[in-house]
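Close look at the chain arrangement
As a plain string of letters, each chain reads:
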Amino acid sequence: ASPEGARAVWVLDVISHDPLGLFEVLADARTGQVLRKRSTMRDVDGTVYSTNPTVGKLITGTLQGLTSTKATLDGEHASVSSCSYTSGKVECKQYALADTKGNFIYTPSEGKFDDAFSEVNAYYHVDTFHRYLNKSFGFKRQGKTGIEVMVNLHSVQNGQKKGMANAFFGDLNGDSTGDLVFGQGSLDFAYDGDVIYHEFTHSAVEETSNLTVAMDSLGFNATPAAINEGFADIFSSFHAGDPVVGDYMKSTGIRNISGNAVCPDFLNGESHNDGMLWGRAIWTIRGALQDTTVFDAAVYTVMAGLSKNAGFDDAAKLLSATLKAKDATLAAAADAELKKRGVDTCTRILPLKPAQVRTFYAYGLSIAPSLKAIPGPFQYKIDVPAKATSMTIYVQKVYGYGGGMGAYIRVGKTVGYDYYGPQYDHVKDSQSAAITLSTADTTGKLKLMPGTSYYVLPLSTSNYT
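Residues numbered from 1 in each chain as written. Predicted model: local features only at pLDDT ≥ 70, side-chain atom pairs only at ≥ 80, totals over all residues. Heavy atoms only, no water.

1. Some details on the overall build of the protein
On a plain count of helices and strands, the protein comes out with seven helices and 23 strands. Expressed as a percentage of its 465 residues, the buried residues of the protein come to 49%. Here the protein displays about 22500 Å² of accessible surface, and carbon together with sulfur accounts for 51% of that area. Here the protein contributes 42 positive and 47 negative side-chain charges, whose respective centroids are spaced 5 Å apart. (Helix = DSSP H or I, 4+ residues; strand = E, 2+ residues; numbered from the N terminus. Buried < 20%, exposed > 50% of the residue type's maximum accessible area, 1.4 Å probe, protein only. Areas by Shrake-Rupley, 256 points an atom, 1.4 Å probe, with all protein chains shown as cover. Lys, Arg positive; Asp, Glu negative; His and termini not counted. Charge placed at Lys NZ, Arg CZ, Asp CG, Glu CD.)

2. A closer look at the environment of Lys 162
Considering the arrangement of structural elements, one finds Lys 162 in strand E9 (residues 160-163). Measuring from C-alpha to C-alpha, the distance between Lys 162 and Leu 338 comes to 44 Å, with 176 residues separating the pair along the chain. Ignoring anything within four residues of it in the chain, the contact list for Lys 162 reads Phe 113, His 154, Ser 155 and Gln 157. (Contact = heavy atoms within 4.5 Å.)

3. Quick look at the pattern of salt bridges
In the structure shown here, the tally under the stated rule is eleven salt bridges. Measuring nitrogen to oxygen at the nearest pair gives 2.6 Å for the salt bridge that ties Arg 131 to Glu 76. Highlighted residues: Arg 131 in helix H1 (residues 116-137) and Glu 76 in the loop between strand E5 (58-66) and strand E6 (78-86), separated in sequence by 55 residues. Ionic pairing is found between Arg 286 and Asp 296, a salt bridge with its closest N-O pair at 2.8 Å. Separated by ten residues along the polypeptide, Arg 286 in helix H4 (residues 271-287) and Asp 296 in helix H5 (residues 293-305) bring together distant segments of the chain. Both residues of the pair, Arg 286 and Asp 296, belong to the buried class. (Salt bridge = Lys/Arg side-chain N within 4 Å of Asp/Glu carboxyl O.)

4. Points about helix H6 (residues 312-324)
Its 13 residues place the ends of H6 18 Å apart at the C-alpha level, agreeing with the 18 Å of an ideal helix rising 1.5 Å per residue. Those residues of H6 not exposed but buried are Phe 312, Ala 315, Ala 316, Leu 319, Ser 320, Thr 322 and Leu 323. Down the axis of H6, the smallest arc covering the buried residues is 165°, so these residues share one side. Those residues of H6 that are exposed and aimed more than 90 degrees away from the buried face are Lys 317 and Lys 324. (Expected span 1.5 Å × (residues − 1). Arc of directions from axis to C-beta.)

5. A look at the packing of aromatic side chains
Evaluated as defined, the whole model comprises 21 aromatic pairs. Between Phe 360 and Tyr 380, the aromatic rings sit 5.9 Å apart at their centres with planes inclined by 45°, giving tilted as the arrangement. A residue pair is termed long-range when its members are at least 10 positions apart, and Phe 360 in the loop between strand E16 (349-351) and strand E17 (374-375) and Tyr 380 in strand E18 (residues 379-383) qualify at 20 residues. Residue class for Tyr 380 comes out buried when judged on its relative accessible area of 6%. For the pair Phe 378 and Tyr 380, a centre-to-centre distance of 6.4 Å together with 70° between the ring planes defines the contact as edge-to-face. Judged on exposure class, the residue Phe 378 and its partner Tyr 380 are both buried. Each residue in the set Phe 129, Tyr 132, Phe 137, Phe 139, Tyr 197, Phe 200, Phe 231, Phe 235, Phe 238, Trp 278, Trp 283 and Tyr 300 is aromatic and connected to the rest through ring pairs, giving one cluster. A cation over an aromatic ring shows up here: Arg 286 above the ring of Phe 238, its NZ or CZ 4.1 Å from the ring centre. (Phe/Tyr/Trp six-rings, centres within 6.5 Å; stacked < 30°, edge-to-face > 60°. Lys NZ or Arg CZ within 6 Å of the ring centre and 35° of its normal.)

6. Observations concerning the environment of Asp 194
Locating Asp 194 in the fold gives a position in helix H2 (residues 193-207). Remark: the alpha-carbon pair of Asp 194 and Gln 64, spanning 130 residues in sequence, is separated by 20 Å. Those residues in contact with Asp 194 that lie beyond four places of it in its chain are Thr 51, Asn 52, Ser 236, Ala 240, Val 244, Val 245, Gly 246 and Asp 247.

7. Quick word on unusual backbone geometry
The omega torsion across Cys 263 and Pro 264 is 10°, close enough to zero to call that bond cis. Along the polypeptide, Pro 264 turns up in the loop between strand E15 (255-256) and H4. Not every positive phi belongs to a glycine, and Asn 158 is a case in point at roughly 55°. Turning to its location among the elements, Asn 158 is positioned in the loop between strand E8 (147-157) and E9. For Asn 158, a relative accessible area of 81% corresponds to the exposed category. With a phi angle near 70°, Ala 355 is a residue other than glycine that sits in the positive phi range. Along the chain, Ala 355 falls in the loop between E16 and E17.

8. A short note on the nonpolar core
In terms of nonpolar packing, the biggest core is built from 98 residues, with Val 149, Phe 182, Phe 231, Phe 235, Trp 278 and Leu 319 touching the most fellow members. Of all the elements, H1 adds the most residues to this core, at eleven residues. Those residues in contact with Val 149, other than ones at most four positions away along the chain, are Ala 78, Ser 79, Val 80, Ser 81, Ala 122, Val 126, Leu 180 and Phe 182. (Core = buried A, V, L, I, M, F, W, Y, C linked by side-chain atoms within 4.5 Å.)

Encoded structure:
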């Protein structure tokens with residue numbers, strides 16, 4: 001028999017997703033009436049860099065939303081551990097453990113693969129950046145609210161540990177969910193808040209517009225990856241308050257989105273480089289504003305609202321429409337800057353004039369082993385003068401592994417590239433450096449048609465980029 005006045009109760013651990021919360025709930029076992037609800041999320045102290053070791057300093061930061069009952073760095077927005085990656089296998093361990101007061105007070109131990117400070121710093125910057133995107137723009141992760149964060153990443157080869165000098169967002173552990181991964185090389189990528197914000201923005205892009213490269217009628221559409229990189233630099237810089245991304249990883253920064261970049265001459269097909277076309281335009285427009293609230297929100301709306309295979313011109317059009325609905329004066333200023341830089345009309349068809357050389361980044365067969373060649377990211381338009389008698393087109397490999405560079409050439413319209421096969425008029429094989437077309441050709445195979453436009457789609461037969 002129960003003591004007089006006592007009642008049977010259930011003690012429940014309850015997760016609330018909207019609003020997000022973790023609670024201990026005391027409920028009457030018979031009626032289900034909630035008798036008490038207590039949040040079990042914890043905010044504790046941790047030693048972190050305010051931004052990074054170059055432009056910031058060591059501070060005591062608040063680690064918010066911890067949910068673990070084991071004094072580890074597991075919370076509502078992130079779970080952090082140190083990992084090794086060998087032969088496709090990921091092994092992780094958490095070295096950062098709370099002290100008796102529940103805090104995570106560690107000193108930097110860069111170069112060590114069990115660096116607990118790296119875990120604490122990553123948790124702090126992932127969590128605060130997530131909260132920034134949520135509070136400023138309403139960002140919410142679909143499904144699981146937290147993200148796996150892997151720091152101190154290294155490989156083990158013949159018993160020897162080897163660091164990885166890189167950082168990325170991707171599914172490293174094969175669970176079909178993207179992870180934030182920060183390598184431990186000569187410098188620790190998890191020490192740089194800029195890099196953490198950049199990689200986190202890639203995860204936000206996947207949750208929203210999911211900008212994705214694809215084969216299409218013009219060839220290999222790498223532009224969505226460039227816009228993705230542009231947004232990653234942009235929101236990292238918005239949050240950090242300066243245009244230099246990765247001050248700690250490189251003395252001049254990994255990239256700087258302050259400066260000039262004009263389409264088409266700035267483009268080379270490498271996503272990080274081409275992304276600065278978008279990033280520098282956005283940063284310049286923003287730099288003229290006293291209050292950036294409306295503009296920042298519009299930029300986020302573009303990031304979330306683009307189609308997954310969008311181009312620079314699509315991004316410019318959506319930004320213009322979004323701003324016009326909020327502030328016509330701001331929209332006009334943004335339009336003028338985008339037009340000045342050629343972003344509003346920037347496509348993957350690049351003009352090529354006589355004697356002009358354009359260098360581009362081509363993907364190798366490793367991305368699609370079933371293909372015999374990988375089409376380039378751009379088609380080049382050549383307007384042949386009416387009095388021309390011959391034209392030589394050079395398409396050469398500057399750097400790469402194996403193979404060479406060929407090209408499809410078409411008269412009067414772009415080279416067609418689709419499921420049924422390419423549509424073209426001439427082929428430059430990958431073994432020769434050039435192809436010459438002439439009005440004197442009598443076979444018709446290399447006949448030049450003066451006064452018309454020719455389109456050239458390069459083809460890579462190299463194994464790797």
